[in-house]
Amino acid sequence: MAHHDLPAPEGAAMDWTVPQDWAAYSADEHALWDRLFARQSALLPGRVAPEFLEGLDILRMTKPGIPDFAELSDRLMRRTGWQVVAVPGLVPDRVFFDHLANRRFVAGRFIRRPDQIDYLEEPDVFHDVFGHVPLLANPVFADYMQAYGQGGLRADALGAIDRLARLYWYTVEFGLIRQGDDLKLYGAGIVSSHGESIFALDDPSPNRLGFDLKRLMRTRYRIDDYQQSYFVIDSFDDLLRATSEPDFAPLYAQLEGLADLDTDTVLSTDRVFTHGTQAYANRKKEEELQ
Ligand code: HBI
Ligand code: FE
């Protein structure tokens, strides 16, 4: 869907960006950011990839209050050429990819309500800026995110966006990374969630499987609950290398002939760090049936 097809919402530019209007945030909104930030800052050290904590430092995100995107972009631009731009919410895929391909990360400007502290559908400023932005200060991950955007524009032309959305989901949103014999968090959807920051590493329920691009692109994902499988990369260099092939067309063609895999599948060819019990997902299914 080319972005000139979809009219941008009221007050937004053609590329769906809006002013952040940092001065308009209320004291309560800044206080909610501080509460979310404090909770994750207490939990993540030792659990999250060190590059994430380095990013928080480099970008001075430890300062109280919702970050001013202009200040954030100033620091980020000097480090990796990225900037953070405000959008009203989810934007069409093509708009999203075009921003990433130009090193612009789109971040929701709104913050969740206190009653949504543990879960909300749309990415708010805490998910986008606390979850996604720190790693954009890491040169390798910054290159990966731009390559993802460029790949997305090509995938759009090949009708393969859903394949690439899975790659995004299982790396950028819910990825795990090895550090020696340990696994660490790096996916934004995990690190911005208190519950999933614990579940993704400590709970015996989910599978934890070695990253394999073709296998991952066959795998469905959950959008409404904790993941039933997480994929583990060896390093950000490895992730960038594994996805740097510019022409995914042959891969998409091979995938055409292969069935999708359920979120909880474990294949005999998988590199298995944890063969999960799926106890959490099964319990939730039973609860829904009652
Ligand atoms: N829009 N604002 C915003 N944030 C996202 O993370 C986002 C989006 N649009 C599409 C999208 N993500 C994914 O579907 C892409 O992987 C295609
Ligand atoms: Fe996200």
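Scope of this entry: the structure provided in the associated data block.

### Topic: the site of ligand 1
Thinking step 1. In the neighbourhood of ligand 1, the contacting residues comprise Val-87, Gly-89, Leu-90, Val-91, Asp-93, Phe-96, Phe-97, Val-106, Tyr-148 and Tyr-168.
Thinking step 2. Asp-93 places a side-chain nitrogen or oxygen 3.4 Å from an oxygen atom of ligand 1.
Thinking step 3. Measuring from an oxygen atom of ligand 1, one finds a side-chain N or O atom of Tyr-148 at 3.2 Å.
Thinking step 4. With the chains in place, 86% of the 390 Å² that ligand 1 exposes on its own is no longer accessible.
Thinking step 5. Of the residues forming the shell around ligand 1, the biggest block, three residues, is contributed by helix H4 (residues 93-101).

### Side note on the coordination of the iron ion (ligand 2)
Thinking step 1. Within the protein, the iron ion (ligand 2) binds to His-127 (NE2), His-132 (NE2) and Glu-173 (OE); these donor distances fall in the range 1.9 to 2.1 Å.
Thinking step 2. Sequence spacing of the donor residues for the iron ion (ligand 2), all on one chain, is H-x4-H-x40-E. Here His-127 matches His-132 in class, with each residue buried.

### Brief notes about the sheet that holds strand E4 (residues 182-185)
Strand pairing in a sheet relies on backbone hydrogen bonds. The paired strands run either parallel or antiparallel.
Thinking step 1. Read across the open sheet, the five strands follow the order E4-E3-E6-E5-E7; overall the sheet is mixed. The two strands at the open ends of the sheet, each matched to only one other strand, are E4 and strand E7 (272-274). Pairwise comparison of adjacent strand axes, ignoring direction, gives a mean angle of 35° for this sheet.
Thinking step 2. Relative to E4, strand E3 (residues 176-179) runs antiparallel, the two being bridged by four bridges. Paired with Ile-177 across the two strands is Lys-184, which belongs to E4.

### Observations regarding the environment of His-127
Thinking step 1. Of note, His-127 is situated in helix H5 (residues 125-132).
Thinking step 2. Relative accessible area serves as the criterion here: at 13%, His-127 is assigned to the buried category.
Thinking step 3. Separated by 73 residues in sequence, His-127 and Ala-200 place their C-alpha atoms 17 Å apart.
Thinking step 4. In this structure, His-127 is in contact with Arg-112, His-132, Glu-173, Ala-188, Gly-189 and Ser-192, ignoring residues within four places of it in sequence.
Thinking step 5. Of note is the side chain of His-127, whose polar atom sits 3.3 Å from the side chain of Glu-173.
Thinking step 6. Looking at His-127, its side chain comes within polar contact range of the side chain of Ser-192, at 3.5 Å.

### Looking at the packing of aromatic side chains
Thinking step 1. Across all of its chains, the model carries 21 aromatic pairs by this definition.
Thinking step 2. Measuring from centroid to centroid gives 6.1 Å for Phe-96 and Phe-97, while their planes differ by 55°, and the two rings are tilted.
Thinking step 3. Seen from their ring centres, Tyr-148 and Tyr-168 are 4.9 Å apart, and the 45° between their planes marks the pair as tilted. In this pair, Tyr-148 is assigned in helix H6 (residues 139-158) and Tyr-168 in helix H7 (residues 161-173), connecting sequence segments 20 residues apart.

What counts, and at which threshold
- Residues numbered from 1 in each chain as written.
- Chains lettered and ligands numbered in written order.
- Predicted model: local features only at pLDDT ≥ 70, side-chain atom pairs only at ≥ 80, totals over all residues.
- Heavy atoms only, no water.
- Near = heavy atom within 4 Å.
- Polar contact = N/O pair within 3.5 Å; in protein donor to acceptor, adjacent residues only side chain to side chain.
- Areas by Shrake-Rupley, 256 points an atom, 1.4 Å probe, with all protein chains shown as cover.
- Helix = DSSP H or I, 4+ residues; strand = E, 2+ residues; numbered from the N terminus.
- Donors = N, O, S within 2.8 Å, 3.2 Å for Na, K, Ca; no water.
- Buried < 20%, exposed > 50% of the residue type's maximum accessible area, 1.4 Å probe, protein only.
- Pairing = 2+ DSSP bridges.
- Axes fitted to C-alpha atoms, helices over the stretch in contact; angles between N-to-C directions.
- Contact = heavy atoms within 4.5 Å.
- Phe/Tyr/Trp six-rings, centres within 6.5 Å; stacked < 30°, edge-to-face > 60°.

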